[in-house]
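Here are the chains, one letter per residue:
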Amino acid sequence: MDHRYDSSDTHRNKCAACYRQFNKKEHLVEHMRTSYHSVHEPMCGVCKKHTRSFESLREHLIGPLPKPDCERIFKEGVLYRMAKLGIQDNLRIDNSRGRVVALACKMVGGGIDGSLDLCARVCLIDEHENILFHSYVSPNLPVTNYRYETTGIRPEHLRDAMPLKQVSRKIQDYLCNGEPVWQIRSRTGRARILVGHGLDHDLKCLDMEYPAILIRDTANYPPLMKTSKLSNSLKHLTKTYLGYEIQTGVQDPYDDCVATMKLYMRMKSQAHKREDYPLATDPQNRNNFATWKQSELERMTPETMLEISRSDYYCWCLSS
């Protein structure tokens, strides 16, 4: 029996999204089951290769070892001058609904060693960067470290500040917009979309809850994360994707709100092909492969398998 390697077989077993090649079709099928490739992944505008994040795309285009043809065409083209990663600049802002708000907090220290985060300043803005609410906050626990070098907060700022419980109630009432928080089950109700960076931590410090279905967090949005699936700092994201510096001295939560709102609007403006959902992580929709037999999948072309594959995260373009 001839066991010589057949390069044409491997070429036929090439993933239509990330271009990985496999010796057997069954290996390609398994790759597609677990990769969650979709039209929502960042994609090279030159060779159309899909990547898991914009950091991966940057490495493909202008990293230490870029793909030469893509790097050359990319640097010569309009995309390089506009966005440095092929991110569209035609931001679509829905002026009629006003459903999106950004939240940011600044923390002082509590506890014996001052390492416990206590919310001492909070800001809420709308999608036009107008301030909706901006206040110092009186924490429930004593402050042992004001972290003045970064917060600019002194004891006198908190002496007559609004109590934490009152601040949280005001913010939650505005976010829910007349809907009881425990009844919010849809992206299409009256409740507002909440944008921020590290919102789990901010909401915890505000002693608030808000449904995940309406949270847009730049710290854990897959296209904005590192290739290792760790979070990038807001300072890094702002410099890399918006082109300016924040958090260089005393930090203002308004600046953080503006940065996260801009990032959200930019990610939301991506012109992706619309596809049916729910997510691939839904057990009833296991990447749309569960309804197909293995033999049927192995007869499909790589392009057909990509068509039935679904993302494992909610793309913000679907909020438009």
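Residues numbered from 1 in each chain as written. Predicted model: local features only at pLDDT ≥ 70, side-chain atom pairs only at ≥ 80, totals over all residues. Heavy atoms only, no water.

With an unreviewed UniProt entry as reference, the chain is termed RNA exonuclease 4, source organism Nicotiana sylvestris. You can read under Subcellular location (unreviewed entry) in the UniProt record for the chain the words "Nucleus". (UniProt positions renumbered as here; feature names shortened; annotations may be inferred.)

Asker: Just checking my understanding: could you explain helix H2 (residues 25-35) for this structure?
Answerer: Side chains that are three or four residues apart share a direction in an α-helix, a result of its 3.6 residues per turn. For H2, the full list of buried residues reads Lys 25, Leu 28, Val 29, His 31, Met 32 and Ser 35. Along the axis of H2, the buried residues cluster in a sector spanning 160 degrees; they form a single face. Tucked into the core, H2 has its buried residues touching helix H12 (294-299) and helix H13 (302-308). Backbone geometry just after H2 places Tyr 36 at a positive phi near 55 degrees. (Buried < 20%, exposed > 50% of the residue type's maximum accessible area, 1.4 Å probe, protein only. Helix = DSSP H or I, 4+ residues; strand = E, 2+ residues; numbered from the N terminus. Arc of directions from axis to C-beta. Contact = heavy atoms within 4.5 Å.)

Asker: Would you take a moment to explain the pattern of salt bridges for this structure?
Answerer: Where charged atoms from two side chains of opposite charge approach closely, those side chains can pair. Summed over all chains, the structure comprises nine salt bridges. The salt bridge partner of Asp 117 is Arg 147, with a shortest N-O separation of 2.7 Å. Taken together, the residues span a long stretch of sequence, with Asp 117 in strand S2 (residues 116-126) and Arg 147 in the loop between strand S4 (143-145) and helix H6 (148-151) at a distance of 30 residues. Judged by relative accessible area, Asp 117 falls into the partly exposed class, the value being 27%. (Salt bridge = Lys/Arg side-chain N within 4 Å of Asp/Glu carboxyl O.)

Asker: How should unusual backbone geometry be read in this particular structure?
Answerer: Peptide bonds are mostly trans, and most non-glycine residues show a negative phi. Of note in this structure, Glu 129 is not a glycine but carries a positive phi near 70 degrees. According to the relative accessible area criterion, Glu 129 is partly exposed, its value standing at 27%. At Asn 177, a residue that is not glycine, the phi angle is positive and equals roughly 55 degrees. Within the secondary structure, Asn 177 is located in the loop between helix H8 (164-176) and strand S6 (193-196).

Asker: Would you explain the environment of Leu 158 in this entry?
Answerer: Along the chain, Leu 158 turns up in helix H7 (residues 155-159). When its relative accessible area of 9% is taken as the criterion, Leu 158 is described as buried. For the pair Leu 158 and Ser 135, spaced 23 residues apart in the sequence, the C-alpha separation amounts to 9.9 Å. Those residues within four positions of Leu 158 in sequence are excluded, and the remaining contacts are Ala 120, Tyr 136, Val 137, Ser 138, Pro 139, Val 143, Tyr 146 and Ile 153.

Asker: Got a minute to help me understand the UniProt feature "domain: C2H2-type" (unreviewed entry) in the chain in this structure?
Answerer: Here the UniProt-annotated "domain: C2H2-type" (unreviewed entry) positions come out as residues 13-42. A distance of 22 Å separates the end C-alpha atoms of residues 13-42, which is 37% helix and 0% strand.

Asker: What's the story with H8 in this structure? I'm lost.
Answerer: In this model H8 runs 18 Å from its N-terminal to its C-terminal C-alpha over 13 residues, within 8% of the 18 Å that 1.5 Å per residue would give. Along H8, the positions that sit buried rather than exposed are Leu 164, Val 167, Ser 168, Ile 171, Leu 175 and Cys 176. Angularly, the buried residues of H8 cover 150 degrees about the axis, an arc narrow enough to put them on a single face. Counted as exposed and oriented over 90 degrees from the buried face of H8: Lys 165 and Asp 173. Elements that come into contact with the buried residues of H8 comprise strand S1 (100-110), S2, strand S3 (131-138), strand S5 (162-163), S6 and helix H9 (199-205). (Expected span 1.5 Å × (residues − 1).)

Asker: What is the right way to read the confidence of the model for the chain from this model?
Answerer: Detailed reading of predicted coordinates is not advised where the pLDDT is low. With 87% of its residues at a pLDDT of at least 70, the chain reaches an overall mean of 87. Counting contacts from residues 78-97, a segment whose pLDDT is below 50, to residues more than four positions away or on other chains yields 40 contacts. (pLDDT = per-residue confidence, 0-100.)

Asker: Would you mind showing me how to read the nonpolar core here?
Answerer: Burial of nonpolar side chains together is a common tendency in soluble globular proteins. Ranked by size, the top nonpolar core spans 60 residues in total, and within it Leu 103, Val 122, Ile 171, Leu 206 and Tyr 210 carry the most contacts. The leading source of residues in this core is helix H11 (residues 253-268), at eight residues. The residues contacting Ile 171, other than those within four sequence positions of it, are Leu 103, Val 122, Phe 133, Leu 206 and Met 208. By size, the runner-up hydrophobic cluster in this structure holds 14 residues, among which are Ala 17, Cys 18, Leu 28 and Met 300. (Core = buried A, V, L, I, M, F, W, Y, C linked by side-chain atoms within 4.5 Å.)

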